[in-house]
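Residues per chain are reported as follows:
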Amino acid sequence: MPLLLMSISTVLLLATALWTPARAHWLRRTGRQAEARVTGRRVVDRGEDHHTELTLTFTDHDGRPREFETRMLTTRSAPLVGTRVPVGYPADRPEEARMLSYTWRATRSYLAFLLLGVMWMTALVPHLQ
């Protein structure tokens, strides 16, 4: 029973760690993701409403230049002008583009893989003696 729970938790942690890179690859492959460049940045402060308005420019799947504005409500600083950011858009409606934010990357999820190693070691050590 403990090994079954360990296997299930391993599959769940690996699926979580690999979801974002797999999704990004699929969006790029189907022409629904492009790399945009930040061309404008304006910090807006109205009372308690703190946000940054970004202007992003990208070339869609058909080779047409696109530009759109987006609003970021975040506690971290917004990307600087000239920074490249990923955008996703419906292939038939590139004017509805949105900036993508990735918070979990498999290459940066060292703690998840360390946790998996520790869990498996603690589960297997009693069986090795």
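Residue positions are given per chain, counted from 1 along the sequence in the order it is written. Local features are withheld for residues below a pLDDT of 70 in this predicted model, meaning they are given only at 70 or higher, and side-chain atom pairs are given and counted only at 80 or more; totals for whole chains, interfaces and linings count all residues. The side-chain values count all of the structure's non-hydrogen atoms but skip hydrogen atoms and water molecules.

K.L.:
How should I be thinking about the overall build of the protein chain in this particular structure?
P.N.:
Along the protein chain, the regular secondary structure elements total two helices and five strands. Throughout this description, buried means an accessible area under 20% of the type-specific maximum (1.4 Å probe, protein chains only), exposed means over 50%, and partly exposed covers the range between. Counting across all 129 residues of the protein chain, residues that qualify as buried make up 29%. Contacts are residue-level and defined by heavy atoms, with any inter-residue pair within 4.5 Å sufficient. For the protein chain, long-range pairs separated by at least 24 residues make up 55% of all intrachain contacts whose partners lie at least 6 apart in sequence. Carbon and sulfur atoms make up 59% of the accessible area of the protein chain, which totals about 9,400 Å². A run of DSSP states H or I qualifies as a helix once it reaches four residues; a run of E qualifies as a strand once it reaches two. Both are numbered from the N-terminal end. Calculation of accessible area relied on Shrake-Rupley with a 1.4 Å probe; when residues are assessed, cover is drawn exclusively from the protein chains displayed.

K.L.:
Mind showing me how you'd approach the side chain of Asp 60 here?
P.N.:
By secondary structure assignment, the location of Asp 60 is in the loop between strand S2 (49-59) and strand S3 (65-72). Of the polar contacts made by the side chain of Asp 60, one reaches the backbone nitrogen of Arg 64; its length is 2.9 Å. Side-chain atoms alone can form a polar contact between residues adjacent in sequence; in general such a contact is a pair of N or O atoms within 3.5 Å, and within protein one must be able to donate a hydrogen while the other accepts it. Looking at Asp 60, its side chain comes within polar contact range of the side chain of Arg 66, at 3.1 Å. In this view, Asp 60 contacts Arg 66, Tyr 89 and Pro 94; residues no more than four positions away in its chain are not counted.

K.L.:
Looking at this structure, how should I read the environment of Leu 27?
P.N.:
Take Leu 27: it is sitting in helix H1 (residues 2-29). Each C-alpha atom of the pair Leu 27 and Val 87 lies 9.7 Å from the other, and the pair is 60 residues apart in sequence.

K.L.:
Where do I start with the confidence of the model for the protein chain in this structure?
P.N.:
As a general rule, the predicted coordinates of low-pLDDT regions are not to be interpreted in detail. Of the residues in the protein chain, 79% reach a pLDDT of 70 or more, and the chain-wide mean stands at 77. How sure the predictor is of each residue is captured by pLDDT, a score from 0 to 100. Considering each helix and strand of the protein chain separately, the mean pLDDT is smallest for helix H2 (residues 110-128), with a value of 72, and largest for S3, with 87. Confidence drops under a pLDDT of 50 for residues 103-107, and excluding neighbours within four residues, the segment shows 10 contacts in the predicted structure.

K.L.:
Would you mind showing me how to read the packing of aromatic side chains here?
P.N.:
To describe a pair of aromatic rings, you give the distance between the ring centres and the angle between the ring planes. Side-chain rings of Phe, Tyr and Trp, where Trp is taken by its six-membered ring, are said to pair if the distance between their centres is within 6.5 Å; with planes under 30 degrees apart they count as stacked, over 60 as edge-to-face, and otherwise as tilted. Applying the stated criterion to the full structure yields two aromatic pairs. Considering the side-chain rings of Phe 58 and Phe 68, the 6.0 Å spacing of their centres and the 80° angle between planes classify their relative orientation as edge-to-face. Of the two residues, Phe 58 is situated in strand S2 and Phe 68 in strand S3; the sequence distance between them amounts to 10 residues. Accessibility expressed as a relative area gives 11% for Phe 68, which makes it buried.

K.L.:
When you look at the pattern of salt bridges in this model, what are you seeing that I'm missing?
P.N.:
In a structure, side chains of opposite charge can pair up when their charged atoms sit close to one another. For this document, the term salt bridge refers to a Lys or Arg side-chain nitrogen within 4 Å of an Asp or Glu carboxyl oxygen. The tally for this structure, following the rule as stated, stands at six salt bridges. Salt-bridge contacts for Asp 62 lead to Arg 64; the nearest nitrogen and oxygen are separated by 3.1 Å. The exposure class of Arg 64 is partly exposed, given its relative accessible area of 40%. Put simply, Asp 60, Asp 62, Arg 64 and Arg 66 are held in one network by salt bridges that share partners.

K.L.:
I keep staring at the nonpolar core and nothing clicks. Help me out?
P.N.:
What tends to happen in soluble globular proteins is that the nonpolar side chains get buried as a cluster. Only buried residues count toward a nonpolar core, which is a set of Ala, Val, Leu, Ile, Met, Phe, Trp, Tyr and Cys residues joined through side-chain atoms within 4.5 Å. Within the largest apolar cluster, 13 residues are counted, with the highest numbers of intra-cluster contacts made by Ala 36, Leu 54, Leu 56, Phe 58, Phe 68 and Val 87. Those elements that place two or more of their residues in this core are strand S1 (33-46), S2, S3 and strand S4 (84-88). Among residues more than four places away in sequence, those in contact with Ala 36 are Leu 56, Thr 57, Phe 58, Thr 83, Arg 84, Val 85 and Val 87.

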